[in-house]
Each structure stands twice: as structure tokens, then as C-alpha cells.
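Letter by letter, the chains look like this.
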Amino acid sequence: MKKMIFHYGYRGWRWCISLIVAPIDWMWCRLGGVRWRRGWRLSGFPQFRSRGGKILIGERFSAHSRSKGNSIGVFQPVIITAWRRGAEVIIGDDVGVSGCSILAEERITIGNRVLIGAGVLIIDTDAHPILSEDRKAGSPARTAPIVIGDDVFIGARAIVLKGVRIGVGAVVGAGAVVTADVPPGKIVGGNPAKIIGSF
């Protein structure tokens, strides 16, 4: 009986809190140009920036922008950016992110049930031209879309660079710099990332 009272009391308390928090989360997402969905869990306030692009996020999204609830802590909020007109960030269902930065100038697609650790950087552009002459001339940076498959885990402080495809169920080790495709079910680590194991 006590267990039942505790269970339903806890659920009732959570429901009351959600009535207070949900409108705040909804408004925050709306201001960032993102459609909020019931069932999202936002710890702190992620930054959504869309400069004429689109950010589409699926069901049961979880974002930790503060250290509470994250075992290793975070040093920045979650930042998701569609940086220019036509850019797209598409995130599937049941995705969890912690203090990471996702920047698309073209397109970044993240599958279902993906976990992205604290301090991860996913960027589909060089941000600036590599050659100084091109920078002086104001040439655009090179871009290439990124695709991250279902059930991928990306460890803390990893970097995923432009044009990369990460296969279903792959694991990117903490601190890895991913510059080439990762086959499904493989574990990669290092700089540049290389296959160090498989499932």
C-alpha cells in the first residue's frame, strides 16, 4: 500500500511540475524556431539557432545544458544551429544530447536512439576557407552533409567533421576526431579516428 501511495504520489508530483515547466519549454523552443513536443526533457535551456534553415527534432528528445543530471558535467549548453538558408538539422526519436554543439550549413541527419556526449562537436562545414587567398577573396567554406545512423553512441569531446557517415550501432570513442566514414557496428577512436574494435 505504501509503495502504491508513493508511486502515484510521485507521478502526481511529476505531473504538477510538468504543468509548470512545459509552457516555459514550449515558449523557449518556439523562440528558437523549433517545434516543442510533449515528452521532451530539457535540463537547462538549449540554444536553437536557425538563420533561414530548419531544425526538426523527433519524440522524447533529451538535452542536458547544465551539469545536473549529467555524471561528468557539461561546460556549455546544447547548441543546435542551422546556420544559413536551406540548412537542415534533422534529429530522430529518443535522442539524448549533453552540452554538445551541432552546426549545419548544409544538412546533418541524426537517427533514432543516438546518444551524444558532453562537449561533442558535429559540424558539416570547414567554417572558413582553408587557404588564406580564399579567405581574403571571401570565398565560401566547403560543406558536405553528415549522416549519423540509428543507435550510435558518440563519446565526450569527440569531433565529427563534414561529409562523414556513421553506420548503425557504431561507437565513437571519447576525444576521437572523425574525418572518414565509420562502418556499422564498429568502434573508432583517436585522431584521426581509426577502427579499434567491433561488436
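Residues numbered from 1 in each chain as written. Predicted model: local features only at pLDDT ≥ 70, side-chain atom pairs only at ≥ 80, totals over all residues. Heavy atoms only, no water.

Caption draft 1: Broad picture of the pairing of strand β6 (residues 88–91). Judged from the four bridges that link them, strand β3 (residues 54–57) and β6 form a sheet pairing that is parallel. In the sheet register, L56 faces β6, and the bridge partner there is I90. By the bridge criterion, four bridges tie β6 to strand β9 (residues 107–110) in an arrangement that is parallel. Among the inter-strand pairings, V89 is bridged to a residue of β9, identified as I108. (Pairing = 2+ DSSP bridges. Helix = DSSP H or I, 4+ residues; strand = E, 2+ residues; numbered from the N terminus.)

Caption draft 2: Fine view of the sheet that holds strand β10 (residues 115–116). Strand order in the open sheet formed by eight strands is β1-β4-β7-β10-β13-β16-β18-β19, and the pairing between neighbours is mixed. If you trace the sheet from one side to the other, it starts and ends with β1 (41–43) and β19 (194–198), each paired once. Relative to strand β13 (residues 153–154), β10 is paired through two bridges, and the arrangement is parallel. Bridge pairing links L115 to F153 in β13.

Caption draft 3: The layout of surface pockets, seen in detail. A volume near 270 Å³ is recorded for the second largest pocket. As for the second largest pocket, its lining consists of 16 residues, of which N70, S98, I116, G117 and A118 are closest to the centre. Every element with two or more residues in the lining of the second largest pocket is listed here: β4 (62–64), β7 (96–98) and β10. The leading source of residues in the lining of the second largest pocket is β7, at three residues. When the residues that make up the lining of the second largest pocket are grouped by side-chain class, the tally is seven nonpolar, nine polar and no charged. (1 Å grid on protein atoms, 1.4 Å probe; cavity = no way out; pocket = protein on both sides within 12 Å on 5 of 7 lines; lining within 4 Å. Points joined across faces, edges and corners; volume = space filled by probe spheres on them. Nonpolar A, V, L, I, M, F, W, Y, C, P; charged D, E, K, R; others polar.)

Caption draft 4: Structural context of the sheet that holds strand β15 (residues 165–166). Taking strand neighbours across the sheet as the criterion, the five strands line up as β3-β6-β9-β12-β15 in an open arrangement whose pairing is parallel. For this open sheet the edge positions go to β3 and β15, each flanked by a neighbour on one side alone.

Caption draft 5: Region of the structure containing the pattern of salt bridges. Taken as a whole, this structure holds eight salt bridges when the rule is applied. Linking K162 and D126 is a salt bridge whose minimum nitrogen-to-oxygen distance equals 2.9 Å. Pair noted here: K162 is in the loop between β14 (159–160) and β15 and D126 is in the loop between β11 (121–123) and α2 (132–137), with a separation of 36 residues, a long-range link. Given a relative accessible area of 23%, D126 falls into the partly exposed group. Bridged by salt links that share partners, the residues K54, E88 and R107 form one connected network. (Salt bridge = Lys/Arg side-chain N within 4 Å of Asp/Glu carboxyl O. Buried < 20%, exposed > 50% of the residue type's maximum accessible area, 1.4 Å probe, protein only.)

Caption draft 6: Spatial organisation of the pairing of β9. Only one face of β9 is buried: it carries I108 and I110, and the other face, with R107 and T109, is open. Of the strand pairs in this sheet, β9 and strand β12 (residues 146–148) are connected by three bridges, and their pairing is parallel. Across the sheet, residue I110 finds its bridge partner in β12, namely I148.

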